[in-house]
Amino acid sequence: MAAGGAGGNSGSGNRTYSFKVVLLGEGCVGKTSLVLRYCENKFNDKHITTLQASFLTKKLNITGKRVNLAIWDTAGQERFHALGPIYYRDSNGAILVYDITDEDSFQKVKNWVKELRKMLGNEICLCIVGNKIDLDKDRHVSVEEAESYAESVGAKHYHTSAKLNKGIEELFLDLCKRMMETAQAEERLKGNGASQSASSRRGVQIVDDEPQATPAGGCCSSG
Amino acid sequence: MSQRTERRGIHVDQSDLLCKKGCGYYGNAAWQGLCSKCWREEYQRVRQKQIQDDWALAEKLQREEEAAYASVHGAQALSHSQPAASQPHTGHASLGAFSKFEEKKTNEKTRKVTTVKKFFSPSSRTASKKETQEGKTPSPSISRHASFDTEQVSKDFVDFLKNLQKPGREIHKQCRAFIVNMSSKKDLGADELSECVQDFYQNLADRLMSHFKGSSESVEQVMDQVEKYIMTRLYKSVFCPETTDDEKKDLATQNRIRALHWVTIEMLCVSMDEEIPEVSENVVKAITDVIEMDSKRVPRDKLACITRCSKHIFSAIRITKNEPASADDFLPALIYIVLKANPPRLQSNIQYITRFCNPSRLMTGEDGYYFTNLCCAAAFIEKLDAQSLNLSPEEFERYMSGQASPRLNNSEGEWPHSGSAVGVTPTNPVLAQLNHNLEMLSGLSSRQESLMEAAQSLQADLIAWPKNVQREVNDILEKYPLEIMSRTVSAIDANNMDNDQLPPPLTPQVFAG
């Protein structure tokens, strides 16, 4: 849906992006640790204050633009697999996590990717994440294989370790930038092709879009 | 100032200082060159006009609503004429910028605000007018029969909009027009109705953003109130409408959950330990919250129930596992809660929220996440099979058909008589229990037989008893027959010796004429 992307202010300067990101991956690949490390900077900590780690938000400021990130954890058990579409409906990005020591979890990621592309097309930004690089000696998924696969499906590949706090900040920052680009591209498209449902009031918004195109270019070149 | 300049010798024409109305008194620049008397008259006139304009608009809105419920056709005609008629008022309306409305809240003593207050206040002329109109109309409109909370919500809404001044009036007008409009669309399908409402939200939010330059927070606040008002009014006609098969689905889900009564917490791999009192307390609260959802009218209130339920589940998991709950823990727990609660009209409620909730809340917010999980839980329950509970298909079938119950697996040892009676295999706990029950039943029936015997003998005794009593009475009567002694009847006054000396009794004297 178009509305999913960015319910933001008109007015180019202080626009706020709201993104929904789903977290997919098998049971014990470390999805929760990953997101808790990112939002709370804690790992297996007894002092984690949050009651839950299934819905977390993060506010970012990227090249002067405010971004509200909502991270939706999903149940990774096989028996809930069929519920995926309910979760990732309207999401702007997906983080697909696998455990580098677990070949099966990488296969699961492949299944997710297929499904996501089928259901949501190219509008969704995919990140494939190999977690637990601190256990590199037990690696069962080769770097080359993972990276070439990611490239073949138009996703980006990252290596992370929630335990050592490696690669996580980069992963989310990169994802946000890509989602912003997608949202801006979509807006430009909407602006040119003036959707039929647009009322006279929407017309005002289209005018607002024009100054926005300029910072968009700036963002792309910087990123 | 002007006096000073005069003294310095700069020539000021005498006529410049006089009242512009030409009444002969001196005027004052602060009163636009009028004298105090003329100024007061002029000012009163302008103000009166403003107030009257406001009232006129208020009455117009009132009539509009009245007409809306009285007849759809009349209402449509009015709402068509409404934009043109209301146009002139924008000029008189206060200029309070929408983005500053919060500031204005604290500043209620200014004249403008009181005017607006008067305009919306239920105790003002608007209200009395409403009553007289009601008296006149032969057929009372539907809105008059509205329940107490509908009225309460309308009142709250108006109270809220009071603080917004001009945008408030605009919003009020639009909402009413929309409700009127919706009442003429009752025949539409649920999806079309949903589209109407969503378009309205979208347009109003856009308008507030662009036209009144509201910040996104304040717009959201307004939209929440708008949703509350509109959906409370529309609830009856759009919740579980007849055009959909929501009701059928509700029944199906209800029966499905009933048939799944045997599913245990272990089968779902829920990480909640109900042995801990705090956990079971949270479980009970979660169940109550999810059931309560059905009693709310506003989609956002329903969402709040789901959120509260989820928070209780998180607490329960946190207490059990001592770490924050991930979705892997949460979803099974929610499924378990839904199975336990069997929330009334689950599908209707889900559909209603999906169709009529303000989308921004549903798409990205925390409430939206919990709602999505509830949808997942409902979908899972619908599709649930042997595999999803890690059971063999045969087991699943037996549990579903009620031939077996998994709960008894744990309590095998409790039946010491199992298998001893009729030679059934003692390994099957269900048969063992059946056996045990049969034994108990036969014991019961023998006891009942003896009870019946005792009862019969008691009955015989009871029948015999009055006969015995009768006989005894007769015996005694025969033994001591009743002899009636003749007695001399003595006059009461017999012992009174002085009777003769008393004067004769008075005889009534008759007086003639």
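Nothing here was measured: the structure is a model prediction, and the numbers come from that model. (Residues numbered from 1 in each chain as written. Chains lettered and ligands numbered in written order. Predicted model: local features only at pLDDT ≥ 70, side-chain atom pairs only at ≥ 80, totals over all residues. Heavy atoms only, no water.)

Colleague: Which residues make up the overall build of chain A, and what values go with them?
Modeller: The helix and strand inventory of chain A stands at seven helices and six strands. When the helices and strands of chain A are placed in sequence order, the string is α-β-α-β-β-α-β-α-β-α-β-α-α. Here chain A, with 223 residues, has 46% of them falling under the buried criterion. Here the analysis covers contacts within chain A between residues at least 6 apart in sequence; of these, 72% occur between residues at least 24 apart. As displayed, chain A has an accessible area near 10200 Å², and 51% of this comes from carbon and sulfur atoms. (Helix = DSSP H or I, 4+ residues; strand = E, 2+ residues; numbered from the N terminus. Buried < 20%, exposed > 50% of the residue type's maximum accessible area, 1.4 Å probe, protein only. Contact = heavy atoms within 4.5 Å. Areas by Shrake-Rupley, 256 points an atom, 1.4 Å probe, with all protein chains shown as cover.)

Colleague: A description of the overall build of chain B should follow, citing residues and the corresponding values.
Modeller: When you go through chain B residue by residue, the secondary structure sums to 21 helices and zero strands. Per-residue burial for chain B yields a buried fraction of 40% across its 513 residues. At a minimum sequence separation of 6, the contacts of chain B that also span at least 24 residues come to 69%. Carbon and sulfur atoms make up 54% of the accessible area of chain B, which amounts to about 30700 Å² in all.

Colleague: Hey, could you go over the side chain of B:N282 for me, with residue numbers and the actual values?
Modeller: Examined against the element boundaries, B:N282 turns out to sit in helix 14 (residues 277-292). Excluding residues within four positions of it along the chain, B:N282 makes contact with B:H312, B:S315, B:A316 and B:I319.

Colleague: Now, about the sheet that holds strand 3 (residues 65-73) of chain A: what can you tell me, with residues and values included?
Modeller: As summarised here, the arrangement of the six strands in space is 2-3-1-4-5-6 (chain A), forming an open sheet in which the pairing is mixed. The outermost strands of the open sheet, each flanked by one partner alone, are strand 2 (55-62) and strand 6 (156-159) of chain A. Between one strand axis and the next, the sheet turns through 25 degrees on average, direction left out of account. Looking at chain direction, strand 1 (residues 16-25) of chain A and strand 4 (residues 93-99) of chain A are connected through five bridges and run parallel. Along strand 4 of chain A, the bridge assignment pairs A:V22 with A:A94. Sheet strands touched by helix 19 (residues 366-383) of chain B: strand 2 and strand 3 of chain A. Its angle to strand 3 of chain A, the strand with the most contacts, is close to 25 degrees. (Pairing = 2+ DSSP bridges. Axes fitted to C-alpha atoms, helices over the stretch in contact; angles between N-to-C directions.)

Colleague: How would you explain the environment of A:I133 if you had to name every residue and give the values?
Modeller: All names here are of chain A. One can find I133 in the loop between strand 5 (125-131) and helix 5 (143-152). The sequence separation of I133 and K163 amounts to 30 residues, and the corresponding C-alpha distance is 9.1 Å. Other than its neighbours up to four places away in sequence, I133 contacts I100, R139, H159, T160, S161 and K166.

Colleague: Go over the pairing of strand 4 of chain A with me, naming the residues and quoting the values.
Modeller: All names here are of chain A. Of all seven residues that make up strand 4, seven are buried, and the element is covered over most of its length. What you see with strand 4 is no split at all: G93, I95, V97 and D99 on one side and A94, L96 and Y98 on the other are buried throughout. Both strand 4 and strand 5 contribute to a ladder of seven bridges, which runs parallel. Residue pairing across strands places L96 opposite I128, the latter belonging to strand 5. In terms of handedness, the path from strand 4 via helix 4 (residues 103-120) over to strand 5 forms a crossover that is right-handed. (Right-handed = clockwise from strand over helix to strand, strands pointing away.)

Colleague: Could you give me a rundown of helix 17 (residues 346-356) of chain B, with the residues and numbers involved?
Modeller: Counting buried residues in helix 17 of chain B gives nine out of eleven residues, a clear majority hidden from the surface. Every buried residue belonging to helix 17 of chain B is among B:L346, B:Q347, B:S348, B:N349, B:I350, B:Y352, B:I353, B:R355 and B:F356, and all of these are buried.

Colleague: Give me the lowdown on the packing of aromatic side chains, citing residues and values where you can.
Modeller: Scanning all chains against the criterion turns up 21 aromatic pairs over all chains. Here A:W72 and B:Y369 contribute two aromatic rings whose centre-to-centre distance is 5.1 Å and whose plane-to-plane angle is 90 degrees, an arrangement assigned as edge-to-face. Of this pair, A:W72 sits in strand 3 while B:Y369 sits in helix 19, each in a different chain. A network of ring pairs unites the aromatic residues A:F55, A:W72, B:F314, B:F330, B:Y369 and B:Y370 as a single cluster. Between A:K20 and the ring centre of A:W72, over which it is positioned, the NZ or CZ distance is 3.9 Å. (Phe/Tyr/Trp six-rings, centres within 6.5 Å; stacked < 30°, edge-to-face > 60°. Lys NZ or Arg CZ within 6 Å of the ring centre and 35° of its normal.)

Colleague: A description of the packing of helix 14 of chain B against helix 15 (residues 299-321) of chain B should follow, citing residues and the corresponding values.
Modeller: Residue and element names in this part refer to chain B. Running from N to C, helix 14 and helix 15 point in directions that differ by 165 degrees, and their axes come no closer than 8 Å. By the criterion of interaxial angle, the relationship of helix 14 to helix 15 is roughly antiparallel. The two elements helix 14 and helix 15 meet at a crossing, and its hand is left-handed. Within the contact between the two elements, helix 14 uses E278, V279, N282, K285, A286, D289, V290 and E292 and helix 15 uses C305, R308, C309, H312, I313, S315, A316, I319 and T320. (Parallel < 35°, antiparallel > 145°, perpendicular 65-115°, else oblique. Left-handed = near helix turned anticlockwise from the far one by under 90°.)

Colleague: Can you tell me about the environment of B:S315, naming the residues and giving the values?
Modeller: Within the fold, B:S315 resides in helix 15. It is 9.7 Å that separates the C-alpha atoms of B:S315 and B:M272, two residues lying 43 residues apart in sequence.

Colleague: Describe the pattern of salt bridges, with residues and values.
Modeller: Side-chain pairing between opposite charges can occur once the charged atoms of the two side chains come close. Residues and elements named next belong to chain B. In the structure shown here, the tally under the stated rule is 22 salt bridges over all chains. Here D53 makes a salt bridge to K49, at a shortest N to O gap of 3.8 Å. In this pair, D53 and K49 both sit in helix 3 (residues 36-70), four residues apart, roughly one turn of the helix. Taking relative accessible area as the criterion, K49 reaches 47% and is therefore assigned partly exposed. Between E281 and K285 there is a salt bridge, and its shortest N-O distance comes to 3.7 Å. With E281 and K285 both in helix 14 and four residues apart, the pair spans about one turn of that helix. Of the residues examined, E281 reaches a relative accessible area of 48% and is grouped as partly exposed. Where salt bridges share partners, they join D289, E292, K296 and R308 into one cluster. (Salt bridge = Lys/Arg side-chain N within 4 Å of Asp/Glu carboxyl O.)

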